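# Coordinate inspection notes
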Amino acid sequence: MKKLLLLLLLPMFLTAHPHVFIKTNLNFIVKKEKVSKLNILWSFDDMSSEMFMMDYDKNRDKKLSKKEIQKFKKTWFNKLSKKHYFTHLKVDGKKIDIFKHIEDFTLDYKKNFFIVKFTIDFEKIKQKKSITLTFWEDNHYNSFSINDLTYKGKELKTTVDFLFGELFVTDIVEIKL
């Protein structure tokens, strides 16, 4: 009986689970009561940070040179465009492909954390009522959490809640314009 119960429960333990934990900081730039830009900072957990540094800090000086940053951008970050940079954006209920709106990519390593920064330019995205933003990826190897949310300019009505998917829970940010 115990073996049967174990066999029945085994699939529950084999579901996808995160291997990488990413704290996300969001800084909204607001002009005329609309989002102009969104600066995103991802801070990776210490183990993932160490693995990235082993892969990309070729001279092992604990700093990332322009060449090392470009290699990371080419081999890792640019490939995320196919996965929408794990960033799921809806404006007024319509999905937005952020690929055309990404700018200002930078990379850093501070206090033993690997940090990716990039900006979404909202200038060409029509906004009327709301913006919804979540971070997740289909394989569920990465876990995102909103660590900090700030505004430059007028603060907009914002709620941060949980989004429950089939195999994941992530933060969802909703902004009313």
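Let me begin by describing the structure that accompanies this report. Model, not experiment: these values are computed from the prediction.

Within the element layout of this structure, S36 appears in strand 2 (residues 34-44). The exposure class of S36 is buried, given its relative accessible area of 4%. Engagement of the side chain of S36 in a polar contact is seen with the side chain of E123, the distance being 2.4 Å.

To continue, consider the environment of M51. Along the chain, M51 turns up in helix 2 (residues 46-56). Judged by relative accessible area, M51 falls into the partly exposed class, the value being 49%. As for M51 and F114, which are separated by 63 residues in sequence, their C-alpha atoms are 9.4 Å apart.

Tallied over the full model, the rule gives 22 aromatic pairs. The interplanar angle of 25° and the centroid separation of 5.0 Å between the aromatic rings of F72 and W76 together place this pair among those described as stacked. Of the two residues, F72 and W76 are both situated in helix 3 (residues 66-77); the distance of four residues between them amounts to about one turn of the helix. Residue F72 is classed as buried on the basis of its relative accessible area of 0%. You can call W76 buried: its relative accessible area is 19%.

Conventions used here
Residues numbered from 1 in each chain as written. Predicted model: local features only at pLDDT ≥ 70, side-chain atom pairs only at ≥ 80, totals over all residues. Heavy atoms only, no water. Helix = DSSP H or I, 4+ residues; strand = E, 2+ residues; numbered from the N terminus. Buried < 20%, exposed > 50% of the residue type's maximum accessible area, 1.4 Å probe, protein only. Polar contact = N/O pair within 3.5 Å; in protein donor to acceptor, adjacent residues only side chain to side chain. Phe/Tyr/Trp six-rings, centres within 6.5 Å; stacked < 30°, edge-to-face > 60°.

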